[in-house]
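Each chain, letter by letter, is given below.
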Amino acid sequence: MGPGRLPVAPRPYRDELLSSWMARVACRYGLTGQELAGHFAHDGSCYSSPLSIDDRTLAQDQTRVWAQACGVDPERLQRLALSRRYPRRPRSWYASRGPEWTPMTVTGSTPVCLACFAADQSAGRDGYLRAGWMLAERCICPVHGELLHDHCVSCHRRLSVAFRLLEGRAQPVCSYCGLILTDGGGEGDRPHDSALVATALATQQRIAASVNGKNPEQEQFEKALANLWAPLDHPAAARPVLALWFNEVGWRCPNVVRHAVGAKTPLGLLPVRWRVVTLLALDDVFGPELRVDGTLPPAAAHLVRRAAPRQIRLSSSSRRSHVQQQRSAAEYERLARQILADPR
Ligand SMILES: [Zn+2]
Ligand SMILES: [Zn+2]
């Protein structure tokens, strides 16, 4: 295939990731988005190597070539860049992968909402990856209120989305087992407590608004989240302060989240269900006013002290008696356990 004009190239959707659009174009030619990018970069040489696509910032000359080949306004492609959509958001507030995660440059390694894919299918359009799925705090779809998926519901590997042309439409599939990703598989019946999911969603929206708008609350969120994921008791500890919130003797920090311990902005490093748990803990411990300085709620004060190398025993009764009482702590913990036990 030469680098000239492509006869078939769909338009990008307004809320789509650039890498998703490239993948949708490419699947019409039996290629991946990276392979297509490689072809463009190397004058269509058969030996061109795949090129990674950075969704955060786009090289102007690159997008100009792609736009020309696909008959799309280059400005329209530039607008897909995350740096254009969220100009105030720091890089550390996007999803990125920890040690055992595949590099973020792999197309479609963002968490996804299966209900959004199902909506694409019933609307008769291509499935596509939403830009909002890249946000570090995003763990619940604001449209459908469902938890995002970062594991394949069939082969259970970490999700990597590929696109396949079926019946003339690009359909998102698991790149390992080929499962078509829609929520037709009876996945919608998980018994999550909807009130608490709504709480996590509200917290997620507040974080998004403050990080996108760079308002002073962002710093408060960063402090509170860093405190929850600070190493417990001594700097090299493998357990985060969050372990105290579980209030379970002998709780061990799973390998999939160990790299987030001690991180300044831990949310983007976490798998989806750990983001939900972190948001619930944030709400439970710091309260809706998010007081991280001065008048710290006693429960938060205790946790924050444990983040420093000081030995203060924290009994569950003293912690719980001071926690803001709109919801029972047991409710939070039950949901947290339920989410973490979910084998997705
Ligand atoms: Zn959705
Ligand atoms: Zn799979």
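This text follows the structure it describes.
Keep in mind that what you see is a predicted model, and the values were worked out from it rather than measured. (Residues numbered from 1 in each chain as written. Chains lettered and ligands numbered in written order. Predicted model: local features only at pLDDT ≥ 70, side-chain atom pairs only at ≥ 80, totals over all residues. Heavy atoms only, no water.)

## Considering the pattern of salt bridges
The condition is simple: Salt bridges are identified by distance alone: a Lys or Arg side-chain nitrogen within 4 Å of an Asp or Glu carboxyl oxygen. Secondary structure is summarised from DSSP: a helix means a run of H or I of at least four residues, a strand means a run of E of at least two, and numbering begins at the N terminus for each. Think of it in three bands: residues with accessible area under 20% of the maximum for their type are buried, residues over 50% are exposed, and the middle band is partly exposed, with areas taken using a 1.4 Å probe on protein chains only.
Across all of its chains, the model carries twelve salt bridges by this definition. Across the salt bridge formed by R91 and D54, the nearest N and O atoms sit 3.9 Å from each other. Residue R91 is located in the loop between α5 (82–85) and α6 (114–122), and its partner D54 is located in the loop between α2 (33–41) and α3 (60–70); the two are separated by 37 residues in the primary sequence. The class of D54 is partly exposed, set by a relative accessible area of 31%. D120 is the partner of R125 in a salt bridge, and the nearest nitrogen-oxygen pair spans 2.8 Å.

## Some remarks on the coordination of the zinc ion (ligand 2)
Inclusion rule: The rule for donors is simple: an N, O or S atom within 2.8 Å of the metal counts, and for Na, K and Ca the reach is 3.2 Å. Water is not among the atoms, so a site may look short of donors.
Coordination sphere of the zinc ion (ligand 2), protein contribution only: C152 (SG), C155 (SG), C174 (SG) and C177 (SG), at 2.3 Å. Here C155 falls in the partly exposed class, since its relative accessible area comes to 26%.

## Looking at the pairing of strand β1 (residues 161–166)
Here is the rule we go by: At least two bridges found by DSSP between two strands are what make those strands a pair.
As judged from the six bridges shared by β1 and strand β2 (residues 169–174), these two strands associate in the antiparallel manner. Each residue of the ladder has a partner; that of V161, found in β2, is C174. Linking β1 back to β2 in an antiparallel pair, the connection comprises two residues, with E167 at a positive phi of about 50°.

## Quick word on the pairing of β2
Of all six residues in β2, six are buried; the element is thus mostly enclosed. Here β2 shows two buried faces, one formed by R169, Q171 and V173 and the other by A170, P172 and C174.

## Things to note about the coordination of the zinc ion (ligand 1)
Metal coordination angles have textbook ideals: 109.5 degrees for a tetrahedral set of four donors and 90 or 180 degrees for an octahedral set of six. So the rule is basically this: Angular criteria define each label, namely tetrahedral for four donors with all angles between 85 and 135 degrees, square planar for four and octahedral for six donors with opposite donors over 155 degrees apart and remaining angles between 65 and 115, and irregular for whatever fails these tests.
The protein atoms that coordinate the zinc ion (ligand 1) are C113 (SG), C116 (SG), C141 (SG) and H144 (ND1), at distances of 2.0 to 2.4 Å. Viewed at the metal, the four donor atoms of the zinc ion (ligand 1) are separated by angles of 105 to 118°, and the geometry they form is tetrahedral. All donors of the zinc ion (ligand 1) belong to a single chain; written as a sequence motif, their spacing is C-x2-C-x24-C-x2-H. Taking the relative accessible area as the measure of exposure, H144 reaches 33% and is therefore partly exposed.

## Description of the side chain of Q78
This is how it is decided: Pairs of residues are marked as contacts when any of their non-hydrogen atoms sit within 4.5 Å.
By the secondary structure assignment, Q78 is in helix α4 (residues 74–78). When its relative accessible area of 9% is taken as the criterion, Q78 is described as buried. When neighbours within four sequence positions are excluded, Q78 is seen to be in contact with L58, A59, Q60, T63 and R84.

## Section: the side chain of D120
To be explicit about the condition: The definition of a polar contact used here is a pair of N or O atoms within 3.5 Å, where within protein one atom must be able to donate a hydrogen and the other to accept one, and adjacent residues in sequence count solely through side-chain atom pairs.
Within the fold, D120 resides in helix α6. Owing to a relative accessible area of 0%, D120 belongs among the buried residues under this scheme. A polar atom in the side chain of D120 sits 2.7 Å from the side chain of R130. Aside from chain neighbours lying at most four places away, what touches D120 is R125, D126, G127, Y128 and R130.

## Some points on empty space enclosed by the protein
To be explicit about the condition: For cavity detection a 1 Å grid was placed over the protein atoms alone, and a set of points counts as a cavity when a 1.4 Å probe fits there but cannot get out; an open set counts as a pocket when protein lies on both sides within 12 Å along at least five of seven lines, with lining residues being those that have an atom within 4 Å of a point. Grid points are joined across faces, edges and corners, and a volume is the space filled by probe spheres set on the points.
One pass over the structure, following the stated rule, counts three cavities of 30 Å³ or more. There is about 40 Å³ of room inside the largest cavity. Taken together, F117, D120, Q121, R125, D126, G127, R169, A170, Q171, P172 and T182 form the lining of the largest cavity. Of all the secondary-structure elements, those providing two or more residues to the lining of the largest cavity are α6 and β2.

## Re the packing of helix α1 (residues 18–27) against α2
Rules: Axis definition: a line fit to C-alpha positions, over the contact stretch in the case of helices; interaxial angles, taken between N-to-C directions, run 0 to 180 degrees. Relative orientations are named as follows: roughly parallel for angles under 35 degrees, roughly antiparallel for angles over 145 degrees, roughly perpendicular for angles from 65 to 115 degrees, and oblique for any other angle. Residues are grouped as follows: Ala, Val, Leu, Ile, Met, Phe, Trp, Tyr, Cys and Pro are nonpolar; Asp, Glu, Lys and Arg are charged; all remaining types, including Gly, are polar.
Relative to each other, α1 and α2 sit at 85°, their axes nearing to 7 Å. Taken together, the axes of α1 and α2 lie roughly perpendicular to each other. Seen from α1, the contacting residues are M22, A23, V25 and A26; seen from α2, they are G33, L36, A37 and F40. A per-class count over the contact of α1 with α2 returns seven nonpolar, one polar and no charged.

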